[in-house]
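Understanding the architecture of this molecule
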Amino acid sequence: MATSTIDLTLPYKARVKGALNNKHLRIALDRATGRMAGQRVAAMTAVDSQLLRSQTRQMKEYVMRHLPDLLEQLETNVMANGGQVHWAQEAVDVQRVIVEIARKANVQKVVKSKSMVSEEIHLNQALQQAGMRVVETDLGEYIIQLAGEPPSHIVAPVLHRRLEDIADLFQRELDMPPTLDPQVICGVARSSLRKEFLSADMGISGCNFAIAETGTCCIVTNEGHGRMTSSMPRVYVVVMGIEKLVPTVEDAFLQYQALCRSAVGQQCSVYLSMTSGPRKAGEVDGPEEFHVILLDNGRLDMLARGYGEALCCIRCGACLNVCPVFREIGGHAYGSTYSGPIGAVISPSLHLEVTDVNRLPYASTLCGACRDACPVQIDLPRMLVELRRDAVKAKDATVFDRTAIQGFAYTMQSRLRYEAAGKMAGLGTSLLAGLSGGTIRFMPGPLAAWTDSRDFPRFAPRSFRAQWAERTRGRKEIRGETLK
Ligand code: SF4
């Protein structure tokens, strides 16, 4: 059966081509991103969205300016609540710390709530190699774990699959009778996952935000798996990037509102699970051990290299849903844990195992839709351009890209050269259009990639400037003014 997945072992360009040629994927992307983008607009329009965005931005800027102090405050408060804090510089440090905690607590089975940071560091593979069974419990993550795929979207990891693909997978892997009824499909997943929760020794989650003033780690979900992950197993471990902080409880609810509205168009999520420490005497549930792991993995480098604005990201996924490139190719084509505009910005800076990572900043039309949608007003197009500049400086750009950019810069520095180039382009494309019967379906050399999938537009025979001068001259003549 044809599916909406692409071959992830291929190089970047081949993945993009595969995605563009996969009609099932295009349908799945179109449906999901269109729905999520529409819901976001409705939810943001229902409030003073400019105020919400600027307050969230100010709060995140404050966090970036006071990062060391806030991290220490979080550590102090987690420990005062009876939890333990671990600092990790790289992926291997997190893997080592969790394996040590698991061995001490005799952990056999781990349940995980959705966590992009654990995808970033390939945590599941490390735990499996250490002999543990790991079960993803977010429905989307559970589906892709069964399929052996990585997530394709920050918020909706299985966005690339149609209902038909998921039903087919459940029939094969879980002996589900044939059906396309979402309720039946969810029921099968629920009863399978319930058994896993009841027998798990350790729960691992990411963290949507951690409150420095109380030492509280918060996870936002709609399925309840986060709460079961954080409260049912004996040991609960939170893995978070060092930027996932908010100073106060009030700030937490500001970010919560921006996140829910921007991610899935909700006023609030079904669950907000807040853990401030292990179970205390007399409490009926909660873990016996509570660990928080603070991960750098390139984030401080990002700050030092001038891309700290990207650390204000609250991982809502809104920029993915409006990006004309993501909407065509989906997340897997990027080849990174983080896709879309924010993925193209942070992937080259984080310590990820991504091939062709310096090609990602080019996966953008620079239309600015991502910046307009972002609840933290992150200027993603500016950073994408700066990353392209870095790639050119580091000689990571292709010869064609370098030559094209140098030629463009040379042309734009002189009005004479600019006008001459415009005339030549008009003449050249008119000639090509004439030779090919009016529509340019073939371009020579490196431009052939353009005409592989679409026609090349014909340049206007006369420039806007020439047309404007003519019109102005005409009006002045009518008014009887003298032309100089
Ligand atoms: S960059 Fe902005 S829109 Fe994109 S995921 Fe982050 S917060 Fe959301």
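Refer to the structure printed above.
Summary of the structure given here. (Residues numbered from 1 in each chain as written. Predicted model: local features only at pLDDT ≥ 70, side-chain atom pairs only at ≥ 80, totals over all residues. Heavy atoms only, no water.)

**What to know about the packing of helix α2 (residues 23–45) against helix α12 (residues 249–264)**
Viewed as axis vectors pointing N to C, α2 and α12 meet at an angle of 140°, and their least axial separation amounts to 6 Å. When the axes of α2 and α12 are compared, the pair comes out oblique. Along its contact with α2, which presents Met-36, Gln-39, Arg-40, Ala-43 and Met-44, the element α12 presents Arg-261, Ser-262, Ala-263 and Val-264. Within the contact of α2 with α12, the residues separate by chemical class into five nonpolar, two polar and two charged. (Axes fitted to C-alpha atoms, helices over the stretch in contact; angles between N-to-C directions. Helix = DSSP H or I, 4+ residues; strand = E, 2+ residues; numbered from the N terminus. Parallel < 35°, antiparallel > 145°, perpendicular 65-115°, else oblique. Contact = heavy atoms within 4.5 Å. Nonpolar A, V, L, I, M, F, W, Y, C, P; charged D, E, K, R; others polar.)

**Re the packing of helix α19 (residues 399–412) against helix α20 (residues 415–435)**
One can describe the packing of α19 onto α20 by two numbers: an axis separation of 6 Å at closest approach and a directional angle of 115°. Contacts between α19 and α20 involve Tyr-410, Thr-411 and Met-412 on the former and, on the latter, Arg-417, Tyr-418 and Ala-421. Grouping the constituent residues of the contact of α19 with α20 by class yields four nonpolar, one polar and one charged.

**Side note on the pairing of strand β4 (residues 202–205)**
Side chains Met-202 and Ile-204 of β4 all project onto a buried face; the interleaved residues Gly-203 and Ser-205 project onto the opposite face, where all are buried too. Pairing geometry for strand β2 (residues 109–112) and β4, over three bridges, is parallel. From the neighbouring strand, Val-111 faces β4, where its bridge partner is Gly-203. Judged from the four bridges that link them, β4 and strand β7 (residues 235–241) form a sheet pairing that is parallel. Bridge pairing links Ile-204 to Val-237 in β7. (Buried < 20%, exposed > 50% of the residue type's maximum accessible area, 1.4 Å probe, protein only. Pairing = 2+ DSSP bridges.)

**Examining helix α4 (residues 67–80)**
End to end, α4 covers 20 Å across 14 residues, agreeing with the expected 20 Å (1.5 Å per residue, within 8%). Those residues of α4 that fall on the buried side of the exposure criterion are Leu-67, Leu-70, Leu-71, Leu-74, Asn-77 and Val-78. When α4 is viewed along its axis, its buried side chains cluster within an angular range of 135° and face the same direction. Summarising the geometry of α4, the exposed residues directed more than 90 degrees from the buried face are Pro-68, Asp-69, Thr-76 and Ala-80. Count one or two residues on from α4 and you reach Gly-82, which has phi positive near 100°. (Expected span 1.5 Å × (residues − 1). Arc of directions from axis to C-beta.)

**Some words on the site of the ligand**
The environment of the ligand is made up of 13 residues, and the closest members are Cys-313, Cys-316, Gly-317, Cys-319 and Cys-374. Residue composition of the shell around the ligand, grouped by class: 11 nonpolar, one polar and one charged. (Near = heavy atom within 4 Å.)

**Considering a nonpolar patch on the surface**
A cluster of nonpolar side chains, contributed by Val-249, Phe-253 and Met-274, occupies part of the molecular surface with about 240 Å² of accessible area. Mapped onto the elements, Met-274 comes out in strand β9 (residues 271–275). (Patch = residues over 30% accessible without salt bridge, like charges linked within 9 Å, V, L, I, M, F, W, Y side chains within 5 Å. Areas by Shrake-Rupley, 256 points an atom, 1.4 Å probe, with all protein chains shown as cover. Salt bridge = Lys/Arg side-chain N within 4 Å of Asp/Glu carboxyl O.)

**Describing the nonpolar core**
Grouped together as the largest cluster of nonpolar side chains are 87 residues, with contacts concentrated most on Phe-209, Leu-245 and Ile-342. Among the elements that make up this core, the one with the highest residue count is α12 (seven residues). Sequence-distant contacts of Leu-245, defined by excluding residues within four places in its chain, comprise Lys-60, Val-63, Leu-67, Leu-70, Leu-71, Leu-74, Ala-210 and Met-240. Of all hydrophobic cores here, the second largest spans 24 residues; its members include Ala-105, Met-132, Val-235 and Val-237. (Core = buried A, V, L, I, M, F, W, Y, C linked by side-chain atoms within 4.5 Å.)

**Examining the environment of Ile-346**
With respect to the helices, strands and loops of the structure, Ile-346 is situated in helix α16 (residues 340–346). Once residues within four sequence positions are removed from consideration, Ile-346 is found in contact with Met-302, Ala-310, Arg-315 and Tyr-338.

**Quick notes on the state of the cysteines**
All told, the structure shown has zero disulfides when counted by the stated rule. Here Cys-207 is not disulfide-linked; the sulfur of Cys-217 is the nearest cysteine sulfur, at 4.4 Å. For Cys-207, a relative accessible area of 6% gives the class buried. (Disulfide = S-S within 2.5 Å.)

**Some words on the sheet that holds β7**
An order of β1-β10-β7-β4-β2-β3 is seen for the six strands of this open sheet, with the pairing classed as parallel. Looking at which strands have only one partner, the edges of the open sheet turn out to be β1 (84–88) and β3 (133–136). Mean inter-strand twist for the sheet, computed between neighbouring axes without regard to direction, equals 20°. Along the sheet, helix α10 (residues 182–199) contacts β2 and β3; its crossing angle with β2, the most-contacted strand, is approximately 125°.

**Here we look at the packing of aromatic side chains**
One pass over the full model with this rule turns up six aromatic pairs. Aromatic pair Phe-464 and Trp-468: ring centres 6.0 Å apart, planes at 25°, arrangement stacked. Of the two residues, Phe-464 and Trp-468 both sit in helix α22 (residues 464–478), four residues apart, roughly one turn of that helix. Positioned above the aromatic ring of Tyr-410, the side-chain terminus of Arg-417 is 3.8 Å from the ring centre. Residue placement shows Arg-454 over the ring face of Trp-450; its charged tip is 4.3 Å from the ring centre. (Phe/Tyr/Trp six-rings, centres within 6.5 Å; stacked < 30°, edge-to-face > 60°. Lys NZ or Arg CZ within 6 Å of the ring centre and 35° of its normal.)

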